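Reading the structure
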Amino acid sequence: MAQSQVNYDESKVPALHLPSLFISEKGEVIDSREKWEAIRKPEIFRLFQTEVYGQIPKDFDEISFEVTKRSNHQFDLIANLEEVDIKIRRGEKTHVMRLNVFLPKEMEEPAPIILLINHRQKAEDGSLAEEGYWPVAELIQKGFATASFHAETVAPDDIQRFSGGILTNLYPEQLDKKDGLKALGAWGWGAMRAMDYFEQHEAINAKKSVLVGHSRSGKSALWTSANDPRWAITYANESGCGGAALSKRKFGETVEIINNAFPHWFAENFKKYNGAEESLPLDQHMLPALIAPRAVYFASSKDDQWADPKGEYLSLQIGSQVFSRIYDQESPFKLSFEELKGPVHSKTLGYHIREGEHGLTWGDWSIFLEFVEQVW
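Summarised in this report is the structure supplied together with it. (Residues numbered from 1 in each chain as written. Predicted model: local features only at pLDDT ≥ 70, side-chain atom pairs only at ≥ 80, totals over all residues. Heavy atoms only, no water.)

Looking now at helix H4 (residues 183-199). Taking 1.5 Å of rise per residue, 17 residues should cover 24 Å, and H4 covers 25 Å from first to last C-alpha, within 8% of that figure. The element H4 is largely enclosed, with a buried count of 16 among its 17 residues. (Helix = DSSP H or I, 4+ residues; strand = E, 2+ residues; numbered from the N terminus. Expected span 1.5 Å × (residues − 1). Buried < 20%, exposed > 50% of the residue type's maximum accessible area, 1.4 Å probe, protein only.)

Further remarks concern the environment of aspartate 308. Within the element layout of this structure, aspartate 308 appears in the loop between strand S8 (295-301) and helix H8 (309-325). Once the C-alpha coordinates of aspartate 308 and lysine 250 are considered, the two residues, 58 residues apart in sequence, prove to be 9.0 Å apart. Setting aside residues no more than four positions away along its own chain, aspartate 308 makes contact with Ala245, Leu246, Arg249 and Phe251. Here arginine 249 takes part through its side chain, which lies 2.8 Å from a polar atom of the side chain of aspartate 308. (Contact = heavy atoms within 4.5 Å. Polar contact = N/O pair within 3.5 Å; in protein donor to acceptor, adjacent residues only side chain to side chain.)

Our next topic: helix H5 (residues 216-227). Here H5 is 12 residues long and its end C-alpha atoms lie 17 Å apart, about the 16 Å a rise of 1.5 Å per residue gives. The buried count for H5 comes to 11 of 12 residues, which makes it a mostly enclosed element. Along H5, the residues that are buried comprise Ser217, Gly218, Lys219, Ser220, Ala221, Leu222, Trp223, Thr224, Ser225, Ala226 and Asn227.

Side chains of a nonpolar character, in soluble globular proteins, are inclined to be buried together. Phe48, Leu99, Leu115 and Phe198 are the most contacted members of the largest nonpolar core, which has 83 residues in total. Residue contributions to this core peak at 11 residues, all from H4. Not counting chain neighbours up to four residues away, the residues in contact with leucine 115 comprise Leu99, Ala147, Ser148, Phe149, Ala191, Ala194, Phe198, Val210, Leu211, Val212 and Trp231. Phe102, Leu116, Tyr297 and Phe371 belong to the second largest nonpolar core, which has 28 residues in total. (Core = buried A, V, L, I, M, F, W, Y, C linked by side-chain atoms within 4.5 Å.)

Take the pattern of salt bridges next. Two side chains carrying opposite charge are able to pair once their charged atoms lie near each other. Tallying each qualifying case throughout the model produces 28 salt bridges. Salt-bridge contacts for lysine 310 lead to glutamate 10; the nearest nitrogen and oxygen are separated by 3.6 Å. With a gap of 300 residues between them, lysine 310 in helix H8 and glutamate 10 in the segment before helix H1 (33-53) connect regions that are remote in the sequence. Here lysine 310 falls in the buried class, since its relative accessible area comes to 18%. Salt bridges linked by common partners bring Glu10, Arg249, Asp308, Lys310 and Glu338 together as one network. (Salt bridge = Lys/Arg side-chain N within 4 Å of Asp/Glu carboxyl O.)

On to unusual backbone geometry, then. Looking along the chain, the bond that leaves alanine 292 and enters proline 293 is cis, with omega of 10°. Looking at the secondary structure, you find proline 293 in the loop between helix H7 (286-291) and S8.

As a further point, take the side chain of threonine 348. Mapped onto the fold, threonine 348 is located in the loop between strand S9 (344-345) and strand S10 (349-354). Those residues in contact with threonine 348 that sit more than four places away from it in its chain are Pro293, Arg294, Ala295, Val296, Phe323, Gln329, Glu330 and Phe371.

Applying the stated rule across the entire model yields 1 cavity of 30 Å³ or more. Roughly 50 Å³ of volume is contained in the largest cavity. Classifying every residue of the lining of the largest cavity gives 6 nonpolar, 1 polar and 3 charged. (1 Å grid on protein atoms, 1.4 Å probe; cavity = no way out; pocket = protein on both sides within 12 Å on 5 of 7 lines; lining within 4 Å. Points joined across faces, edges and corners; volume = space filled by probe spheres on them. Nonpolar A, V, L, I, M, F, W, Y, C, P; charged D, E, K, R; others polar.)

The N-to-C vectors of H1 and H5 enclose an angle of 145°; their axes lie 11 Å apart at closest approach. Here the hand of the crossing between H1 and H5 comes out left-handed. Contacts between H1 and H5 pair Phe45, Phe48, Gln49 and Tyr53 from the former with Lys219, Trp223, Ala226 and Asn227 from the latter. (Axes fitted to C-alpha atoms, helices over the stretch in contact; angles between N-to-C directions. Left-handed = near helix turned anticlockwise from the far one by under 90°.)

Attention now moves to the sheet that holds strand S2 (residues 79-90). Strands sit in the order S1-S2-S3-S5-S4-S6-S7-S8-S10-S9 across an open sheet of 10 strands; the sheet is mixed. Each edge of the open sheet is held by one strand with a lone partner, namely strand S1 (62-70) and S9. Two strands pair when backbone bridges link them, and S9 and S10 are joined in this way by 2 bridges, in the antiparallel orientation. Bridged to histidine 345 within S10 is glycine 350. Set on the sheet, H5 makes contact with strand S4 (111-118), strand S6 (204-214), strand S7 (233-237) and S8; between it and S6 the angle comes to about 140°. (Pairing = 2+ DSSP bridges.)

Here the focus is the pairing of S7. Of all 5 residues making up S7, 5 are buried, and the element is well covered by its neighbours. Bridge count between S6 and S7: 5 bridges; the pairing is parallel. Looking at the pairing, glycine 213 lines up with alanine 236 of S7. Running through H5, the crossover from S6 to the neighbouring parallel element S7 is right-handed. Where S7 meets S8, 5 bridges bridge the pair, whose relative direction is parallel. Considered in S8, the bridge of isoleucine 233 is made with alanine 295. (Right-handed = clockwise from strand over helix to strand, strands pointing away.)

In this section: the packing of aromatic side chains. The tally for this structure, following the rule as stated, stands at 22 aromatic pairs. Centre to centre, the rings of phenylalanine 48 and tryptophan 223 are 6.4 Å apart; their planes meet at 45°, and the pair counts as tilted. In this pair, phenylalanine 48 is assigned in helix H1 and tryptophan 223 in helix H5, connecting sequence segments 175 residues apart. Taking the centre distance of 4.8 Å and the plane angle of 45° together, the rings of phenylalanine 266 and phenylalanine 270 count as tilted. Accessibility expressed as a relative area gives 0% for phenylalanine 266, which makes it buried. A relative accessible area of 0% places phenylalanine 270 in the buried class. Counting every residue linked through ring pairs, the aromatic cluster contains Phe45, Phe48, Tyr53, Trp223, Phe262, Trp265, Phe266 and Phe270. (Phe/Tyr/Trp six-rings, centres within 6.5 Å; stacked < 30°, edge-to-face > 60°.)

Given below as structure tokens:
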């Protein structure tokens, strides 16, 4: 039934009426960095927190790191592996999440770090990295440290079990709130705890940090970066509805479809907009705007119409106005989506669309890494 309601016809996309980035809720024109950061940015953040993703709690009482250094792993010729148990205490309760960190064996100075939020199931053979999806060897050879954690270690990606991680263990009060923490926010919380580890690590340059998420994890990566300014570059790959793509286009996956299929991802309040995207007081173009002036990168694939590639591009194109008008940074998105011939990059904004189906591939990584080099 849901499939029969999906629109892939551009002529049936409703006229796009997006809430302004530059008019406050009281009607004030936002025309300076001071007004943006003091007025409009906090308004937009509260809207996303209340109506879409829910809160990401920042409070806990203690954090500690237990590190096991492994020598026998699939990349042992070029990298050192640290298996990190991050233990967080809040009141009388504790939670432990596992972070896997690969460090280049050959480095003369602290390495930049790339963190992948991994929502996929752990490999049956025990291997940590999936070829293409998390290309550890290629990243190490390019001089990056790289890390990943599985969603399961923070909040299981399951309708029935999602609350079995930090929600039950640390933040049970969130479960009864209409704007309470859900799975996407919980994964963001996990990324923040990973950053806590990176910041105190002498072999990691946490100032040169990259947060990467694919599909549902891309949604989480964007919301994480909006909450946590420590991430220098944020990359959302094919993150679609509730991530990069404009909800009001109602193209491919919609708010109603995603909330019905994955009710554990977003705040309860987001369900108010099932079949009623036109009443949303925000849209996804405002999410990269919240991350400005830090670097943001979106990517799409041509056969992944479910994720609405055009809606992803438009979201970044329109959101980039905050980069250009507020922070005086070049927006590279001069062309329409239909006119694109290849990747589009500036020093803080980038986008590419490739041939093929939904997935995070080495082809995506290689184009994105060209952008990272340009940023730095």
